[in-house]
Amino acid sequence: MQMMNQNLIPFGITPSQMAVIVNLDKHGEMNISELSKKVRTPKSNISAICGRLEDNGLLIRRRDQSDQRIVYVALKKRLHSRILLVIPWTICRTNLHHG
């Protein structure tokens, strides 16, 4: 895991942020509760992580029209093509150092 952390540094992404990005890339838009379960992280932490990703222009948050308490998150479209480059490179670097 330490090597994975080091490999994310050039991208300015923390391992927690990467977990959120990977899950949103795989499953698409979901609410904070669903994402919290997928990432196995408390909702308050997921909200904070999503806030930082939104501030960095990587993610969009929107409130449910019928229930304003529910917040949906999704990756910005431009991130989908970038994620295809970042994840394989990071995994490859990690495997090279551990293989």
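The model shown is predicted, which means the values in this text are computed figures rather than measured ones. (Residues numbered from 1 in each chain as written. Predicted model: local features only at pLDDT ≥ 70, side-chain atom pairs only at ≥ 80, totals over all residues. Heavy atoms only, no water.)

S.K.: Outline the pattern of salt bridges, supporting the account with residue identities and numerical values.
M.R.: Counted according to the given criterion, the structure contains three salt bridges. One salt bridge connects Glu29 with Arg62, and the closest N-O pair in it is separated by 3.0 Å. Note that Glu29 is positioned in the loop between helix H2 (15–27) and strand S1 (30–31) and Arg62 in strand S2 (residues 59–63), a separation of 33 residues in sequence. Using a relative accessible area of 42% as the deciding quantity, one classes Glu29 as partly exposed. Salt-bridge contacts for Arg61 lead to Glu54; the nearest nitrogen and oxygen are separated by 2.9 Å. (Salt bridge = Lys/Arg side-chain N within 4 Å of Asp/Glu carboxyl O. Helix = DSSP H or I, 4+ residues; strand = E, 2+ residues; numbered from the N terminus. Buried < 20%, exposed > 50% of the residue type's maximum accessible area, 1.4 Å probe, protein only.)

S.K.: A description of unusual backbone geometry should follow, citing residues and the corresponding values.
M.R.: What you tend to see is this: most non-glycine residues have negative phi, and most peptide bonds are trans. One non-glycine residue, Arg40, lies in positive phi territory at about 60°. Relative to the helices and strands, Arg40 resides in the loop between helix H3 (32–39) and helix H4 (43–55). By relative accessible area, Arg40 is classed as exposed at 78%.

S.K.: Please give an account of the nonpolar core that cites residues and values.
M.R.: Ranked by size, the top nonpolar core spans 18 residues in total, and within it Val20, Leu24, Leu35, Ile46, Cys50, Leu53 and Val73 carry the most contacts. Those elements that provide at least two residues to this core are H2, H3, H4 and strand S3 (71–75). Apart from the residues lying within four places of it in its own chain, the contact partners of Leu53 are Gln17, Val20, Ile21, Leu58 and Leu59. (Core = buried A, V, L, I, M, F, W, Y, C linked by side-chain atoms within 4.5 Å. Contact = heavy atoms within 4.5 Å.)

S.K.: Break down the side chain of Asp64 for me, with residues and values.
M.R.: Along the chain, Asp64 turns up in the loop between S2 and S3. We note that Asp64 is buried and unpaired, the nearest opposite charge coming from Arg62 at a distance of 5.5 Å. One polar contact links Asp64 to Tyr72, side chain to side chain, over a distance of 3.5 Å. Setting aside residues up to four positions removed in sequence, Asp64 forms contacts with Ile70 and Tyr72. (Lys, Arg positive; Asp, Glu negative; His and termini not counted. Polar contact = N/O pair within 3.5 Å; in protein donor to acceptor, adjacent residues only side chain to side chain.)

S.K.: Residue-level account of the packing of H2 against H4, with values.
M.R.: Between H2 and H4, the least distance of the axes is 10 Å, while the angle of their chain directions is 85°. Viewed along their axes, H2 and H4 adopt a mutual orientation that is roughly perpendicular. For the pair H2 and H4, contact is made by Ser16, Gln17, Val20 and Ile21 and by Ile46, Ile49, Cys50, Arg52 and Leu53, respectively. For the contact of H2 with H4, the class distribution of residues is six nonpolar, two polar and one charged. (Axes fitted to C-alpha atoms, helices over the stretch in contact; angles between N-to-C directions. Parallel < 35°, antiparallel > 145°, perpendicular 65-115°, else oblique. Nonpolar A, V, L, I, M, F, W, Y, C, P; charged D, E, K, R; others polar.)

S.K.: Any chance you could break down the side chain of Ser36 for me, citing the residues and the numbers?
M.R.: Along the chain, the position of Ser36 falls in helix H3. We classify Ser36 as buried; its relative accessible area is 9%. At a separation of 2.4 Å, a polar atom in the side chain of Ser36 contacts the main-chain carbonyl oxygen of Thr41. Leave out the neighbours within four places in its chain, and Ser36 touches Thr41, Pro42, Lys43 and Ile46.

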